[in-house]
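# Descriptive analysis of the structure
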Amino acid sequence: MRSAFQIVNEIVEAIDHAPRPAVPRVTSAATYVRRMVVLWFVGFVALGLITFACYESGFDGTTTHCVFLVAVVMLSFADSVISSLVFCAVATLLIDYFFAQPVLSFHLRDSADVPSLISFVVASLIITALVRRMQVLSDVRRDQAKLLDLSRDAVIVRNMDGVVLYWNQGAADLFGWTSNEAVGQISQTLLGTRFPTPFEEVNSALLRTGKWEGELVHTKRDGAEVVMSSRWYLHCDDSGRPLATLENGNDIGVRKRAEDALRCSQAAFLAEAQSLSLTGSFGWDIRSGEVYWSNQTFHIFEYELDVSPTFDLILQRVHPDDRERLEQTIEQMIHSIAKVDFECRLLMSDGRVKFVRAVVRASTVEGDDQHYIGAVMDITAARKAETQLQDAQNELARVTRATTLGELSSTIAHEVNQPLNGIVIDSEAGLRWLKRPAPNICEASACLERVVENARRAAQIIKRIRALATKGVAQVVPLELDDVVNDVVSLTQREVASYRASMRVNLEPALPPLLGDRVQLQQVLINLVMNGIQAMDAISDRPRDLLIESWLDEAGNIAFAVRDSGTGIRAELEGRLFEAFFSTKPRGMGMGLSVCRSIIHAHGGQICAFNNEVHGATFQCSLPPLESHYDLNHDRTGHAAQ
Ligand code: ADP
């Protein structure tokens, strides 16, 4: 029958955790010699006393041999082979001297005593060797068991009936029962073990594969429950018959609690961060229709937290004007697009409008199984700020336009006066043709036609000037750059002439249309033209030439420039031209170029200034063509974000 120690030892070896043989105890040579002297002294005294006792008692040979054999074996326990051999030799000599005939002599009279003495020597050596071997094995096993006790894991060995054979210190510390109390008990009963699956399944997996791993709940001596990560190993004999199970486990309750706490704190941080950034998150399983919203998402859509989220609830909040676009985007996302970046408005129940931006991407796409995750951001504040900024810019632009109009007043007066004069002249001529004795209807109607034409021209001019002077919200429409340039030329030509400058126009034919606000782009050109002629005012040694030209640049953008032959830009001022309130003119506001830049940027374009090779400066702008806006819109609604 195997002992518990043997089984533990074998199992430990079987699972590759076999502790190494006990490390020989290290003792100093002096201590060792001292011990040997004491041992040998005690041994010789003991053998002397035994000799005396046997001699006095008159024991026969066999009894004496047995007594000496026991004494030698006992003494052999205390030390090494050398001591065993010494005690064996001394005992043999004592037997020969005191008990073999003739007594008190080392001679052997009876030849039958020789085998008897040899048998004693052989028997004592064999038994001593065996006993020593058993002792070493026992030491090794005890040390191995001690090693298992060092483990902080609980190590329990059970026989196939579940009875505990071995219970290490880790198990004692964890569960509260000592090894003496636990050994011999049925472990499942003692620990009230709860398995993740029925025990039969655990047991059959163990018998089939030789091991099992899982989480168990045990009840400790004090009644508290402990969650263990447990590994079971089956130990079989050489014929494969199961003998015992070793359970090795550690308490993961602490780790689990720490993980739970971490998860809770992470969730709290996430919720805080979502609330700070006004960003909610959501998940959507299209197949099952399951929807998940974070608390912030409920908050953005203004639903109570106990409402179960659905896609319809989102649709109910989306502004009616944006609903169709959202549905189309989702439709496209489901069919072909992995990622969507979408902006829309929400109409809340009290009539408030919110702006939200949602970024959604597919999380897993396996067959029909589509799951999307996304983030939704409340960008109302940013949109409002943008609108306010836009309003402020529009107002600033209007004020600077009004200022420019003031500068252009003589031109405007002339522009309006011209057709009015024409009207007066043609009306008078028409009257004269009618008042003739034979009224000339044909001439009169020709005069009236010119009147109508001039009146139309005047109305057109007034309309253009009114557009420049009134506040008006930016109206972005498809435009031809040529039309804008022609308007500006007719508005400024008199002003140009008053500066004794000449204005030439060199426009690229058939430029693609652009998307913009006509009045704002006129304002940009008027500013550049006015600045150009003012920069040429002090020039007297060369012609004052102003050139407006346009072309299609390498990037496919519509470019235009106003080139003058004026003073040029002083190097130290180059970086400051577009700053607000920067002016080198005595009565300048310094807002013209700053407004030009914000208008061009709002149109998605660029503006820059540089000196010409010989004289003067060039102010150059580029604007994206109309079709690029369509591409951009396409992108912004996310339809192309694969
Ligand atoms: P303002 O015309 O009221 O001075 P702007 O913003 O239009 O304001 O112009 C800022 C400054 O840029 C001008 O004062 C001038 O120094 C410089 N500048 C503008 N256009 C030209 C140009 N064509 N040539 C040289 N300098 C220019």
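Residues numbered from 1 in each chain as written. Predicted model: local features only at pLDDT ≥ 70, side-chain atom pairs only at ≥ 80, totals over all residues. Heavy atoms only, no water.

The protein appears in an unreviewed UniProt entry as histidine kinase from Paraburkholderia rhizosphaerae. You can read under Subcellular location (unreviewed entry) in the UniProt record for the protein the words "Membrane". Comment text from UniProt for the protein, heading Catalytic activity (unreviewed entry), reads "ATP + protein L-histidine = ADP + protein N-phospho-L-histidine." (UniProt positions renumbered as here; feature names shortened; annotations may be inferred.)

## Notes on the overall build of the protein
Per the secondary structure count, the protein includes 20 helices and 17 strands. A compact globule built from 642 residues should have a C-alpha radius of gyration of about 26 Å, whereas the protein, at 54 Å, is more than 25% larger. Overall, the protein is about 195 × 60 × 40 Å in size when its C-alpha atoms are taken along their principal axes. Here the protein holds 642 residues, and the buried ones make up 38% of them. A fraction of 58% describes how many contacts in the protein between residues 6 or more apart in sequence connect residues 24 or more apart. For the protein, the accessible area works out to roughly 36,400 Å², and carbon and sulfur atoms hold 57% of it. Across the protein, the 61 positively charged side chains and the 78 negatively charged ones have centroids separated by 6 Å. (Helix = DSSP H or I, 4+ residues; strand = E, 2+ residues; numbered from the N terminus. Rg over C-alpha atoms; globule rule 2.2 N^0.38 Å. Buried < 20%, exposed > 50% of the residue type's maximum accessible area, 1.4 Å probe, protein only. Contact = heavy atoms within 4.5 Å. Areas by Shrake-Rupley, 256 points an atom, 1.4 Å probe, with all protein chains shown as cover. Lys, Arg positive; Asp, Glu negative; His and termini not counted. Charge placed at Lys NZ, Arg CZ, Asp CG, Glu CD.)

## Points about the UniProt feature "domain: PAS" (unreviewed entry) in the protein
As annotated by UniProt and renumbered to match this structure, "domain: PAS" (unreviewed entry) occupies residues 140–185. Annotated as 48% helix and 22% strand, the span residues 140–185 places its first and last C-alpha atoms 26 Å apart.

## Comments concerning the packing of aromatic side chains
For the coordinates displayed, the defined rule picks out 17 aromatic pairs. Ring geometry for Trp 293 and Tyr 303: centres 6.0 Å apart, planes at 35 degrees, overall tilted. Placement of the pair is Trp 293 in strand β7 (residues 291–293) and Tyr 303 in the loop between α11 (295–301) and α12 (311–317), with a sequence separation of 10 residues. Consider the rings of Phe 578 and Phe 619, whose centres lie 6.4 Å apart with planes at 65 degrees: the pair is edge-to-face. Of this pair, Phe 578 sits in the loop between β15 (558–564) and α19 (592–602) while Phe 619 sits in strand β17 (residues 617–623); the two residues are 41 residues apart in sequence, bridging distant segments of the chain. Of the aromatic side chains, those joined through ring pairs into one cluster are Tyr 55, Phe 68, Tyr 97, Phe 98, Phe 99 and Phe 106. Here the guanidinium or amino end of Arg 158 rests over the ring plane of Trp 232, the centre of that ring lying 4.6 Å away. Above the plane of the ring of Tyr 303 lies Arg 317, whose end atom (NZ or CZ) is 4.2 Å from the centre. (Phe/Tyr/Trp six-rings, centres within 6.5 Å; stacked < 30°, edge-to-face > 60°. Lys NZ or Arg CZ within 6 Å of the ring centre and 35° of its normal.)

## Notes on the packing of helix α3 (residues 61–77) against helix α5 (residues 113–150)
Contact geometry of α3 with α5 gives a least axis separation of 9 Å together with a crossing angle of 30 degrees. Relative to α5, the element α3 is oriented roughly parallel. Where α3 crosses over α5, the two elements pack in a sense that is right-handed. For the pair α3 and α5, the contacting residues are His 65, Phe 68, Leu 69, Val 72, Val 73, Ser 76 and Phe 77 in the first and Ser 116, Leu 117, Phe 120, Ala 123, Ser 124, Ile 127, Thr 128, Val 131, Arg 132 and Gln 135 in the second. For the contact of α3 with α5, the class distribution of residues is 10 nonpolar, 6 polar and 1 charged. (Axes fitted to C-alpha atoms, helices over the stretch in contact; angles between N-to-C directions. Parallel < 35°, antiparallel > 145°, perpendicular 65-115°, else oblique. Left-handed = near helix turned anticlockwise from the far one by under 90°. Nonpolar A, V, L, I, M, F, W, Y, C, P; charged D, E, K, R; others polar.)

## Details of the site of the ligand
Near the ligand, the surroundings consist of 17 residues, among which Asp 564, Ser 583, Thr 584, Lys 585 and Leu 593 are the closest. One nitrogen or oxygen atom from the side chain of Asp 564 is found 2.8 Å from a nitrogen atom belonging to the ligand. For the ligand, the accessible surface in isolation is 530 Å², of which the surrounding protein chains cover 92%. Contributions of two or more residues to the shell around the ligand are made by α18 (518–535) and α19. In terms of residue count, α18 provides more of the shell around the ligand than any other element does, 3 residues in total. Partitioning the shell around the ligand into residue classes produces 7 nonpolar, 8 polar and 2 charged. (Near = heavy atom within 4 Å. Polar contact = N/O pair within 3.5 Å; in protein donor to acceptor, adjacent residues only side chain to side chain.)

## Considering the environment of Phe 581
Position of Phe 581 relative to the elements: it lies in the loop between β15 and α19. Residue contacts for Phe 581: discarding those within four places in its chain leaves Met 589, Gly 590 and Met 591.

## Topic: a nonpolar patch on the surface
The grouping of Leu 108, Val 114, Ile 118, Val 122, Ile 126 and Leu 130 at the surface amounts to a nonpolar patch, some 500 Å² of accessible area in total. Judged by its relative accessible area of 47%, Ile 126 is partly exposed. (Patch = residues over 30% accessible without salt bridge, like charges linked within 9 Å, V, L, I, M, F, W, Y side chains within 5 Å. Salt bridge = Lys/Arg side-chain N within 4 Å of Asp/Glu carboxyl O.)

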